[in-house]
Amino acid sequence: MGLTRQYLRYGPAALFGLVGSARGNAAFVALRGERGRCVAVPACEHVFVWDTRKGEKVLILKGLKQEVSCLCPSPDGLHLAVGYEDGSIRVFSLLSGEANITFNGHKAAVTALQYDHLGGRLVSGSKDTDVIVWDVINESGLYRLRGHKDAVTQVLFLKEKNLLVTSGKDTLVKWWDLDTQHCFKTLVGHRTEVWGMALVSEEKRLITGSADSELRVWDITYIQEVKDPDEPESKKSKGSSPRAEEDAEDDETLELDEHPEERLVKCSKVGSIMREGRDRIVTLATDQTGKILACHGTDAVLEVFSVLSEEEVQKKVEKKMKKAKKKAKQNSEEEPARSVELSLQEEIRRVTNIRASSKIKSFDLILSPKGELKIVLLLQNNIIESYNLNLSAQVPQAVRVSKITIGGHRSDVRTLAFSSDNIAILSAAAESVKIWNRSTLQCIRTMDCEYALCSLFVPGDRQVIIGTKTGKLQLYDLASGSLVETLNAHDGAVWSIALSPDQRGFVTGGADKCVKFWEFEFVKDESSVQKRLSMKHVRILQLDEDVLCVRYSPNHKLLAVSLLDCTVKIFFVDTLKFFLSLYGHKLPVLCMDISYDGTLIATGSADRNVKIWGLDFGDCHRSLFAHDDSVMYLQFVAKSHLFFTAGKDSKIKQWDADKFEHIQTLEGHHQEVWCLALSPNGDYVVSASHDKSLRLWERTREPLVLEEEREMQREAEYEESVAKEEQPVVAGETQGETGLAGKKTIETIKAAERIMEAIELYREEMAKLKEHKAICKAAGKEIPFPVNPILRAYGNITPSAYVLEVFKKVKSSELEESLLVLPFSYVPDLLRLFNEYIHLGSEVELLCRALLFLLKIHFGQITSNHMLVTVIENLKKTTISRVSEARDVLGFNMAGLQYLKREIEAKDEVTFFADATDRFEEKKRKRKKKEKMVLAVL
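Residues numbered from 1 in each chain as written. Predicted model: local features only at pLDDT ≥ 70, side-chain atom pairs only at ≥ 80, totals over all residues. Heavy atoms only, no water.

Draft legend 1. Layout of the overall build of the chain. A count of helices and strands for the chain gives 12 helices and 57 strands. Judged by the C-alpha coordinates and their principal axes, the chain covers about 115 × 110 × 80 Å. Here the chain holds 938 residues, and 49% of them are scored as buried. Sequence separation of at least 24 residues holds for 49% of the intrachain contacts in the chain that already meet a minimum separation of 6. Split by element, the accessible area of the chain, about 48400 Å² in all, is 52% carbon and sulfur. Where the 129 positive side-chain charges of the chain centre and where its 137 negative ones centre are 5 Å apart. (Helix = DSSP H or I, 4+ residues; strand = E, 2+ residues; numbered from the N terminus. Buried < 20%, exposed > 50% of the residue type's maximum accessible area, 1.4 Å probe, protein only. Contact = heavy atoms within 4.5 Å. Areas by Shrake-Rupley, 256 points an atom, 1.4 Å probe, with all protein chains shown as cover. Lys, Arg positive; Asp, Glu negative; His and termini not counted. Charge placed at Lys NZ, Arg CZ, Asp CG, Glu CD.)

Given below as structure tokens:
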């Protein structure tokens, strides 16, 4: 089959105009060992790392398709865990910018991520109500914890004990024992959703933030394990009788039996700290030391609190005691002073409030050793602000150190335009107009404007005109970046502007039911000698409805006007006489365009359809269901009958107006696409969306075949449906509190298929080998054995070694899920091969993990199969010996490393003392020298 019509594919070229998305959270990251300078923020599907001092982007961690919803840097500062909207988690290396590890387990957006203090485990909470603990070193999931009834909002590891605390929108705070993987305690003291949580005072206090202005404070007491009889008894306090102590012990055991969930931890509410904000908590967090606590609501104020350490509390108590004693002496009271306690407000005291320039979406803090607090704020309007706070000052005041704004608009971009040389891009929003260089994506000019709705480059590309919501036309000069002229053009919003084909003027359509014609002219200002460009109003066309869009035909004969009554009226330009009316849309036409040869007009409407009409008779050639929401913008590609549409369904689509076919969909934006612009040569498309990003798409040289495109679409739909299918069930297991961490994805199915293919190849090759031996025996001489091409490609390895190679290539995080979908008929062969491999001592750790999982899920079938009894017996022997060998090696290496560590430490101490002695001797010498000089002078 020959190619009927060849199209060229448009592909994503760049994402720009975005500082940070408000969906996820900002986090300080250590680049090149420097802390508190670089901050990572989500930017749609990518993560941008900004240098706050220079205001530059230093690193981009590239995502796939899904939007970033959560970030968490590792304790060592070398990695960044990124959670996405589809529930996947990727761990990036900050040194290379590559994603080394991917975890798939959640079915909905990841809402919380936290590393443990060593960085070996990562816990994630999601909108699907599950909490999953991942092993970062082994790159696999450990277990899933179920219990919350709504989205998880925060997850925290405890350093001292192997415990986990989680909070959710179901108003609950749950305590999990990770040794036994069960929830042993639930705090139910909240009336509304628990939005945030933080541990302070060396994990002895838990602070929770809810939908009110109260921060609830809980005391955590770790209950000691049952004492060992050999352990020495603690000293008895003075004056306490053994009898009283016994009673107390009895009471304690009674109390523990009455509340079995308090065997590990006792958590009791101490009181509340009042915030100034009246709305819900959005983020509540501490710095790494736990000395500073900060929170913010849905407003622009960050409240900072200081948490006293135990020593500081002790000092304050002693001070208070002295005061109380003094007072008692003065009042000549005989009774001794009562015990003094600090109030909660004194232990957790307010430091200051920081007011940002807009609503805060998230923040991060770092306390430097010098006592300076660095704070970074990610704001709703595409800004990153960083503040410094000197805590040692008498009245700490926050000082804004930097503000990253140049990289984007504060509000949604409503209009875009390309310059005639395809190099400059204009974008205008509610507060400013920006000019971008297409090749470098740098912002060249920023000019303040009113709420912009439409725009164009004046021929010559030295000036731009903006049509605003208030009905004004604003003319800007690009060289000076200044507003040259403002005209009151319409009484309502200027919805549309179109340059005339002769380039001598333009036409505007507004909400005041008028179409106005303008011409460019040069006028002389009194102040300057040179003439400057201006706009002159020449004609007006009065209509019965609001004008939404205007377009000239390329031959300058016709003018198309879209009206609020869902019709498009066509007029002759010279006489303004009515020519045609195009009716058929059920809702108003929001956008339209006329092809380069003036034969076709395409209209896009809020009824989600695009209609293609002939301009000679006004007949509708075809109506296409284009988008799942309103069609916001439509434009033809230069010198062709292909056109692009942008929709509120966040998609951009390309269509063929001759064949009425959908060519391709450009997916990338995560929210409504407001507008797009095509470069005059048709090589570039730029689009703007509600997700605050601008995207550039480039025409590649890759041909696009429609049949292949449809096939790829079907495959993508199938892969999506696979992920949504019911998860495979482990025989005999009931749905409990814990479960497998992974989930069935297209990758796990492909991995299982690869294992099945490898085992089938192994079976075939073994059968062939048997046959070959029989032939050799019959012939009485050695006949060459034909090697399988796949095995030859791997370097003439044996079939069993090939199965091991395939097994090793399965991602660690997908191993269990792949084995779960593997049919049992392949398991006997696998077990025999495992026995062979473990006997040889290759990949013992990986194979033991797979073996134990297979035994767990196919226990019944394996034990009832007599053929496998000997295999299992052999496996038992070889596995135990090999695992103990591996354990011994690890133990020896650990002991060796610890010995080296002690040696190094001892050496360091010696050198430290030697250096100190040298310095002391040097000082002594200098002093003697000085004394001699003084004596000499005297």
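Draft legend 2. Representation of a negative patch on the surface in the model. On the surface, a cluster of negative charge is made up of Glu753, Glu757, Glu760 and Glu764. Along the polypeptide, glutamate 764 turns up in helix α5 (residues 746-779). With a relative accessible area of 47%, glutamate 764 lands in the partly exposed category. (Patch = residues over 30% accessible without salt bridge, like charges linked within 9 Å, V, L, I, M, F, W, Y side chains within 5 Å. Salt bridge = Lys/Arg side-chain N within 4 Å of Asp/Glu carboxyl O.)

Draft legend 3. Fine view of the nonpolar core. Formed by 36 residues in total, the largest nonpolar core has its most connected members in Phe807, Leu819, Leu831 and Phe834. Contributions of two or more residues to this core are made by α5, α7 (799-809), α8 (815-820), α9 (827-840), α10 (844-857) and α12 (869-937). Here this core takes seven residues from α9, the largest share from any one element. Among residues more than four places away in sequence, those in contact with phenylalanine 807 are Ile755, Leu815, Leu819, Leu830, Phe834, Leu846 and Ala850. (Core = buried A, V, L, I, M, F, W, Y, C linked by side-chain atoms within 4.5 Å.)

Draft legend 4. Main features of the sheet that holds strand β28 (residues 384-390). Strands sit in the order β26-β27-β28-β29 across an open sheet of four strands; the sheet is antiparallel. In the strand order of this sheet, the two ends are held by β26 (360-367) and β29 (398-404), each with one partner. Within this sheet the neighbouring strands show an average axis-to-axis angle of 20°, counted without direction. Across seven bridges, strand β27 (residues 372-379) lies against β28 in antiparallel orientation. Its bridge partner lying in β28, lysine 374 is registered against asparagine 388. (Pairing = 2+ DSSP bridges. Axes fitted to C-alpha atoms, helices over the stretch in contact; angles between N-to-C directions.)

Draft legend 5. Focus on the packing of aromatic side chains. Per the counting criterion, the structure on display carries 11 aromatic pairs. Ring geometry for phenylalanine 571 against phenylalanine 578: centres 5.9 Å apart, planes inclined by 70°, an arrangement best described as edge-to-face. Residue classification places phenylalanine 578 among the partly exposed residues on the basis of a relative accessible area of 47%. Here phenylalanine 807 and phenylalanine 834 contribute two aromatic rings whose centre-to-centre distance is 5.4 Å and whose plane-to-plane angle is 90°, an arrangement assigned as edge-to-face. Of this pair, phenylalanine 807 sits in helix α7 while phenylalanine 834 sits in helix α9; the two residues are 27 residues apart in sequence, bridging distant segments of the chain. The exposure class assigned to phenylalanine 834 is buried, which follows from its relative accessible area of 0%. An aromatic cluster of at least three residues, connected via ring pairs, comprises Phe506, Trp518 and Phe520. Against the face of phenylalanine 48 rests lysine 57, its NZ or CZ located 4.0 Å from the ring centre. The cationic tip of arginine 414 hangs over the ring face of tryptophan 674; the distance from NZ or CZ to the ring centre is 4.0 Å. (Phe/Tyr/Trp six-rings, centres within 6.5 Å; stacked < 30°, edge-to-face > 60°. Lys NZ or Arg CZ within 6 Å of the ring centre and 35° of its normal.)

Draft legend 6. View of the confidence of the model for the chain. For the chain, per-residue confidence averages 88 on the pLDDT scale, and 92% of positions sit at 70 or higher. Taken as a whole, residues 226-258 scores under 50 in pLDDT and shows eight contacts with residues more than four places along the chain or in a different chain. (pLDDT = per-residue confidence, 0-100.)

Draft legend 7. Representation of the packing of α9 against α10. It is at 11 Å that the axes of α9 and α10 come closest, and there the two elements cross at 150°. When you trace α9 past α10, the crossing you get is left-handed. Here α9 contributes Val827, Leu830, Leu831, Phe834, Tyr837 and Ile838 to the contact with α10, which in turn contributes Leu847, Ala850, Leu851 and Leu854. (Left-handed = near helix turned anticlockwise from the far one by under 90°.)

Draft legend 8. Here's a closer look at the sheet that holds strand β14 (residues 152-157). Spatial ordering of the open sheet is given by β14-β15-β16-β17, a layout of four strands whose pairing is antiparallel. Since the sheet does not close on itself, it has two edges, and those belong to β14 and β17 (182-187), each with one partner. When strand polarity is set aside, the average angle formed by the axes of neighbouring strands in this sheet is 20°. Note: strand β15 (residues 163-168) against strand β16 (residues 173-177), five bridges, orientation antiparallel. The residue bridging leucine 164 from the neighbouring strand is tryptophan 176, located in β16.

Draft legend 9. Structural context of the pairing of strand β9 (residues 99-104). Pairing geometry for strand β8 (residues 88-93) and β9, over five bridges, is antiparallel. In the sheet register, phenylalanine 92 faces β9, and the bridge partner there is alanine 99.

Draft legend 10. Spotlight on the environment of leucine 831. One can find leucine 831 in helix α9. Contact partners of leucine 831, with chain neighbours within four places excluded, come to Leu851, Ile862, Leu868, Val871, Ile872 and Leu875.

Draft legend 11. Up close: a nonpolar patch on the surface. On the surface, Leu897, Tyr899, Leu900 and Ile904 cluster together into a nonpolar patch covering about 420 Å² of accessible area. Relative to the helices and strands, leucine 897 resides in helix α12.

Draft legend 12. Examining the pattern of salt bridges more closely. Under the counting rule described, the total for this entry stands at 36 salt bridges. Note that glutamate 709 is salt-bridged to arginine 9, the shortest N-O span being 3.1 Å. With glutamate 709 in helix α4 (residues 706-724) and arginine 9 in strand β1 (residues 7-16), the pair connects residues that are 700 residues apart, well separated along the chain. You'll find glutamate 709 and arginine 9 in the same group, each marked buried. Two residues, arginine 400 and glutamate 385, come together in a salt bridge whose shortest N-O distance is 3.3 Å. Residue arginine 400 is found in strand β29, and its partner glutamate 385 is found in strand β28; the two are separated by 15 residues along the sequence. The class of arginine 400 is partly exposed, set by a relative accessible area of 42%. Each of Glu34, Arg37, Asp51 and Arg53 takes part in salt bridges that share partners, so that together they form one network.

Draft legend 13. Layout of the side chain of serine 812. Within the fold, serine 812 resides in the loop between α7 and α8. What serine 812 contacts, discounting residues up to four positions off in sequence, is Asn138, Glu139, Ser140 and Arg849.

Draft legend 14. View of α5. Between its first and last C-alpha, α5 extends 49 Å over 34 residues, near the 50 Å set by a 1.5 Å rise per residue. Immediately beyond the C-terminal end of α5, within one or two residues, lies glycine 780, with a positive phi of roughly 75°. (Expected span 1.5 Å × (residues − 1).)

Draft legend 15. Quick peek at the pairing of strand β40 (residues 514-524). When strand β39 (residues 505-510) meets β40, the two strands line up antiparallel, connected through five bridges. Residue pairing across strands places phenylalanine 506 opposite tryptophan 518, the latter belonging to β40. Turn length for the β39-β40 hairpin, with the two strands adjacent in sequence and antiparallel, is three residues, and the turn residue lysine 513 shows positive phi of about 65°. Where β40 and strand β41 (residues 531-542) come together, 11 bridges link them in antiparallel fashion. Bridge pairing in β41 places cysteine 514 opposite glutamine 542. Turn length for the β40-β41 hairpin, with the two strands adjacent in sequence and antiparallel, is six residues.

Draft legend 16. A look at the packing of α7 against α9. Contact pair α7 / α9: the axes reach a minimum separation of 11 Å and the direction vectors enclose 95°. If you check the angle between α7 and α9, you find them roughly perpendicular. Here α7 contributes Ser800, Val803, Leu804 and Phe807 to the contact with α9, which in turn contributes Leu830, Leu833, Phe834, Glu836 and Tyr837. Among the residues forming the contact of α7 with α9, the class breakdown is seven nonpolar, one polar and one charged. (Parallel < 35°, antiparallel > 145°, perpendicular 65-115°, else oblique. Nonpolar A, V, L, I, M, F, W, Y, C, P; charged D, E, K, R; others polar.)

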